[in-house]
Amino acid sequence: MDDELLHGYAGVALAAAGHGDVDTAISTVLTLPDEAPGRAGLAVALLAAIVRDGKVDLNRMRWLDELVAAADADPPRSASWPALRAGAAAMAVMFAAAQGRMHDPREAMAEVEKLAAEAGPGSPAAMLLDSARQGLGFMTAMREGDESSVQQLPEQIAQLREQAMTSLPQALPTADVLAALGDLMAANQSGADVLEPLRRVRAAAEGLAADDPLRGMVLEALASIGPLAGLPPEDLDGLHPADGTGGLHDPAIRLTQEAMLLLGGWEESDPAKIEQAVAKLREAVALTRPDDPQRPFHLSGLALTLLRRSEVTNSIAGLPEARDLLLEARELAGGAHHVQWAWINQIYSAVEQRLTGTGAVHQDAVMDALRGYIYQVMVQRDLAGATVAAREASREAASAARWALQAGDPAGAIAALDMGRGLALFSATEVGTIGRRLRDAGHTGLAGRWDAAVASGQPDQLPTALRREALAALTRDGESALLDPPELGEIQAALRALDADALVYLVPAPDDMPAIPGYAVIAPAAGPPSYMHLTGLRTADHDVERYLAASARRDIDVIDEEPAPDITFTGSLDKLCDWAWRAAIGPLIEKYLPRLGAPAGGRPPRLVLVPMGNLGLIPWQAARRADGRYAVELAAISYTASARMLCHAAAQNAVPLAPTGLVVGDPGTGGGVRSLPAARAEAYAIRRSFYPGARYVGRRADGSPSATGPGSAAEVTGWLTNTGPAAGAMLHLACHGFMATEGVPTAYVLLAGGDRLTAESLGPLMARTPQRQIGLVVLAACHTGQAINGYDEAYSLGTAFLAAGVRSVLSTQWSVPDSDTSVLMYMFHHFLMTRRRPVWAALRDAQLWMLDPHRQVPDRMPAELRHQLRTANPAAVVSWAGFLHWGR
């Protein structure tokens, strides 16, 4: 062995011991011949220097795979080697995936799991293995559009931090940085404000040692993304963008980030900066191979920048190139299963629109974009993920619908609107049909796995990977109808089956576009679709804003005690009734319905409404004409989340009601909320008068507990899945209802002992017993009709019951007063069971009864309710208009 080689060995040994240049040492080892004596041992020593104390030297991650390979040529027999190898190899796999050298993160994850199995339980490498899992899980989620996993990232990182606290306290500062980054990613995905999460990331990074490479990497990244996120100058002090020499990022990704920095999120108006961005993006495209999964992203980014240049320079130069780039991106993406399909087609539509110069939207591209949104919603495994995936869909759908109407195409507008409505709800509805569709398409094995997962009743048994596999198989086999809205003929058949005259979308005018009106877009039960301009249909109207603000205040005030008469709310509601007539219902009843002729059989005209945006909070049945007559007196009004849900309701068989079922009356919640004595009286009277064979749980009218049960969640869920003939098909819940839109959205009724029955639990629960048939659920509780994840998603406790298979639902639009609405509920069941009226007609009859000054009180109405009737004002809008009918 010559002196030069011995000198190199000595340098490696010193570096491994912390007294030399590690980079030079790595280069020395990796350039040694494979057969050089001691090469494997030196590689092991360097790995120990790079990977120690549950952390990895980020600046040297790119050498890990080669050093592991060198060490494997003659692995040591020491007890510490398996853990060291597992940790180093796991980090090498994650780095390769991040660099794009492993195109499938799931393949990388499988390799990490193999390493974990080899290391064994309780391995010292556990922290690094978990870090690799988290990193690869995030890469998989981002690649596949798994919004649920992104939303759960902060919780998973918090668990990793807890692990570090007990086993590796020296790794806590690093865990703090990861936790802050997880919060930032989740905020960005959900559309929340990212300024505070960015500040927390900087504070955590600055808590690391000055020589920690993670500190420099994070602060350099903040310097790049901070301006795009709107960080003020004082938050950017001391930050410097990366120079791109670290080797930790894909060069094409780095170029795209630099271009975005120049463009300010594609809003830059300086032609010189735009040209610089175009040059960087051209270079990024040139660096990506045809099989690179990021190539569609780079192609689309360049096309979008060329579109921005066209807008700024008022020239179409470059747009033909942009179109070609997007066509290639579409071909590479391959269809709606690609996570960027919606984005690609949105840009394509905008480019085509500008190229034609007519202002017309490229309708095929728009519909393809909306299919992309629907696909991404359907592969989410929970409501939180579906909500994020659907965030942009309703806005794009409304825009496309307006363009279709300007082109005189109401059928196209209906299709576009429905593709942006109730997507999470539609996904929940379709879960039960996927197995059948797969079997029909010949995918029996996949169908069996799907059905088994559904039958488990556990949402996480239907993970994004399984959902994506099933939907990919169906769309490959031509089942694109799964993603498309029902055609006009299907909608009309559903309306006739439900004995309704028209489906009406109420589309508000954009608040920021005063020249554009609102619309009623109408699909009649027979005849061509049509639309009406509604210039007053604006949620920015003073009366609407006053009502919405008062409604929000009322919701806060009613939680702890029975509210006093709320003059602000009732006053705003009174004015809103007049606005609702002028803005929409008056033109529909007085101008449109007469064109349809009188309904057969003497029934009133019947509309099924799909109110878009904040219009979903308006009680349209209470719209009031100038002579004081309400819409409910002139027509019957029901609601649906979308045409899809209308067709879903019509396709189900009717379930006859018998004097059996389950009635829940004001269960004792264990404190924290006020009792509901009128609800107890209501529920007890309804059971005695109309459902003597039903089980009554909760508290009786006198406040004593029911002998048949306290009204627990287990009792209600047991009834929902009970297929016995004596169970009955009617559920009446008279209790507290709540909703939460912050964090993870949810809606629930509060049951005995504080148990919750949540909207998101209903689908998995009731999927266990698909043969169970429930005809009616009455949610006589607050907030049960309010959407919890955006008004255009229309996902509420009430619609969740519909998606789970219930035929008809009554739900509430606001915090309904306990005493005033108890009589309304009694009269609803009176008309339903005594007069044998359809559900929608029974609710309308009860509301008309409340308005009638000469109302006849049924002989068997109990004394408690008669007393409430005498002391209440049944004709007040707040007393009768808060309940809505959905479904059959």
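Look above for the structure.
The structure displayed is predicted, hence computed values, not measured ones.

Caption draft 1: Fine view of the overall build of the protein chain. When helices and strands are tallied, the protein chain shows 37 helices and 16 strands. Counting the 888 residues in the protein chain, one finds 57% classified as buried. Considering only contacts in the protein chain between residues 6 or more positions apart, those separated by 24 or more positions represent 71%. Accessible area for the protein chain stands at about 35400 Å²; split by element, carbon and sulfur atoms hold 53% of it.

Caption draft 2: Inspection of the nonpolar core at higher detail. By size, the foremost hydrophobic cluster in this structure holds 218 residues, and its most contacted members are Leu506, Trp620, Leu720, Phe801 and Phe828. With 14 residues, helix 27 (residues 567-596) is the largest single contributor of residues to this core. The residues touching Trp620, leaving out its near neighbours within four places in the chain, are Leu506, Leu537, Trp579, Ala580, Ala584, Ile585, Leu609, Pro611, Leu615, Ala631, Ile637 and Tyr639. Residues Leu42, Ala92, Leu128 and Ala132 belong to the second largest nonpolar core, which totals 46 residues.

Caption draft 3: Representation of the pattern of salt bridges. Counted according to the given criterion, the structure contains 28 salt bridges. Residue Arg582 pairs with Asp543 through a salt bridge whose shortest N-O separation is 3.8 Å. One end of the pair, Arg582, is in helix 27; the other, Asp543, is in helix 26 (residues 542-557), and 39 residues separate them in sequence. The exposed category is assigned to Arg582, whose relative accessible area is 53%. Residue Asp543 is classed as buried on the basis of its relative accessible area, which comes to 15%.

Caption draft 4: Up close: the side chain of Arg807. Relative to the helices and strands, Arg807 resides in the loop between helix 33 (797-803) and strand 15 (808-812). Leaving out residues up to four positions away in the same chain, Arg807 has contacts with Gln652, Asn653, Val655, Gln773, Ile774, Gly775, Leu802, Trp886, Gly887 and Arg888.

Caption draft 5: The environment of Val278, seen in detail. Tracing the chain through its elements places Val278 in helix 14 (residues 271-287). Among the residues examined, Val278 registers a relative accessible area of 2% and is labelled buried. Counting along the chain gives 15 residues from Val278 to Leu263, while the straight-line C-alpha distance between them is 9.7 Å. Look past the residues within four positions of Val278 in its chain and what remains in contact with it is Leu302, Thr305 and Leu306.

Caption draft 6: Just the pairing of strand 3 (residues 502-507), in detail. Burial within strand 3 is extensive, with six of its six residues counted as buried. Of the two faces of strand 3, the one carrying Ala502, Val504 and Leu506 and the one carrying Leu503, Tyr505 and Val507 are both buried. Where strand 3 lies against strand 4 (residues 518-524), six bridges are found, and the strand directions are antiparallel. Of the residues in strand 4, the one forming a bridge with Leu506 is Ala520. Inspection of the sheet shows strand 3 paired to strand 6 (residues 606-611) by five bridges, in the parallel sense. Across the sheet, the residue bridging to Leu506 is Pro611, located in strand 6.

Caption draft 7: Seen up close, the sheet that holds strand 11 (residues 736-740). One open sheet holds the three strands; their spatial order is 11-12-13, and the pairing between them is antiparallel. Every interior strand has two partners, whereas the edge strands, strand 11 and strand 13 (756-758), have only one. In this sheet, adjacent strand axes meet at a mean angle of 25° when their direction is disregarded. Judged from the five bridges that link them, strand 11 and strand 12 (residues 746-750) form a sheet pairing that is antiparallel. Each bridged residue has a counterpart across the sheet, and for Met739 the counterpart in strand 12 is Ala747.

Caption draft 8: Fine view of the pairing of strand 10 (residues 730-734). Counting buried positions along strand 10 gives five out of five residues, so the element sits mostly inside the fold. With burial as the criterion, each face of strand 10 is covered, one bearing Met730, His732 and Ala734 and the other bearing Leu731 and Leu733. Taken together, the four bridges between strand 8 (residues 662-665) and strand 10 define a ladder with parallel strand orientation. Residue pairing for strand 10: Val663 is matched across the bridge by His732. By the bridge criterion, five bridges tie strand 10 to strand 14 (residues 776-780) in an arrangement that is parallel. Looking at strand 14, one finds that Met730 is bridged to Leu776.

Caption draft 9: Here's a closer look at helix 15 (residues 295-313). The terminal C-alpha atoms of helix 15, which comprises 19 residues, lie 27 Å apart, in line with the 27 Å expected from a rise of 1.5 Å per residue. Counting buried residues along helix 15, 16 of its 19 residues qualify, which places the element largely inside the surrounding structure. Just downstream of helix 15, Asn314 is the residue with a positive phi angle, here 55°.

Caption draft 10: Representation of the packing of aromatic side chains in the model. A full pass over the atoms with the stated rule returns 10 aromatic pairs. With centroids separated by 6.1 Å and ring planes inclined at 65°, the aromatic side chains of Tyr519 and Tyr531 adopt a geometry described as edge-to-face. Of the two residues, Tyr519 is situated in strand 4 and Tyr531 in strand 5 (residues 530-534); the sequence distance between them amounts to 12 residues. Looking at Arg772, its charged tip hangs above the ring of Trp719, at a distance of 4.5 Å from the centre. Of note, Arg855 hangs over the ring of Trp849, and the distance from its end group to the ring centre comes to 5.7 Å.

Caption draft 11: Spotlight on unusual backbone geometry. Here the phi dihedral of Asp666 falls at roughly 40°; this positive angle occurs in a residue that is not glycine. With respect to the element layout, Asp666 can be found in the loop between strand 8 and helix 30 (677-690). Under the relative-accessibility criterion, Asp666 is labelled buried at 2%. The phi dihedral of His783 is positive, around 70°, even though this residue is not glycine. Looking at the secondary structure, you find His783 in the loop between strand 14 and helix 33. Classification of His783 as buried rests on a relative accessible area of 8%.

Caption draft 12: The arrangement of the packing of helix 30 against helix 36 (residues 863-871) in detail. As a packed pair, helix 30 and helix 36 sit with axes 9 Å apart at the nearest point and diverge in direction by 130°. Here helix 30 is positioned oblique relative to helix 36, judged by the angle of their axes. For the element pair helix 30 and helix 36, the recorded crossing hand is left-handed. Here helix 30 contributes Ala678, Ala681, Glu682, Ala685 and Arg688 to the contact with helix 36, which in turn contributes Glu864, Leu865 and Gln868. Residues that form the contact of helix 30 with helix 36 fall into these classes: four nonpolar, one polar and three charged.

Caption draft 13: Just the environment of Leu219, in detail. By the element assignment, Leu219 lies in helix 11 (residues 213-229). C-alpha of Leu219 to C-alpha of Val201: the two residues are 18 residues apart in sequence and 8.7 Å apart in space.

About the cut-offs
Residues numbered from 1 in each chain as written. Predicted model: local features only at pLDDT ≥ 70, side-chain atom pairs only at ≥ 80, totals over all residues. Heavy atoms only, no water. Helix = DSSP H or I, 4+ residues; strand = E, 2+ residues; numbered from the N terminus. Buried < 20%, exposed > 50% of the residue type's maximum accessible area, 1.4 Å probe, protein only. Contact = heavy atoms within 4.5 Å. Areas by Shrake-Rupley, 256 points an atom, 1.4 Å probe, with all protein chains shown as cover. Core = buried A, V, L, I, M, F, W, Y, C linked by side-chain atoms within 4.5 Å. Salt bridge = Lys/Arg side-chain N within 4 Å of Asp/Glu carboxyl O. Pairing = 2+ DSSP bridges. Axes fitted to C-alpha atoms, helices over the stretch in contact; angles between N-to-C directions. Expected span 1.5 Å × (residues − 1). Phe/Tyr/Trp six-rings, centres within 6.5 Å; stacked < 30°, edge-to-face > 60°. Lys NZ or Arg CZ within 6 Å of the ring centre and 35° of its normal. Parallel < 35°, antiparallel > 145°, perpendicular 65-115°, else oblique. Left-handed = near helix turned anticlockwise from the far one by under 90°. Nonpolar A, V, L, I, M, F, W, Y, C, P; charged D, E, K, R; others polar.

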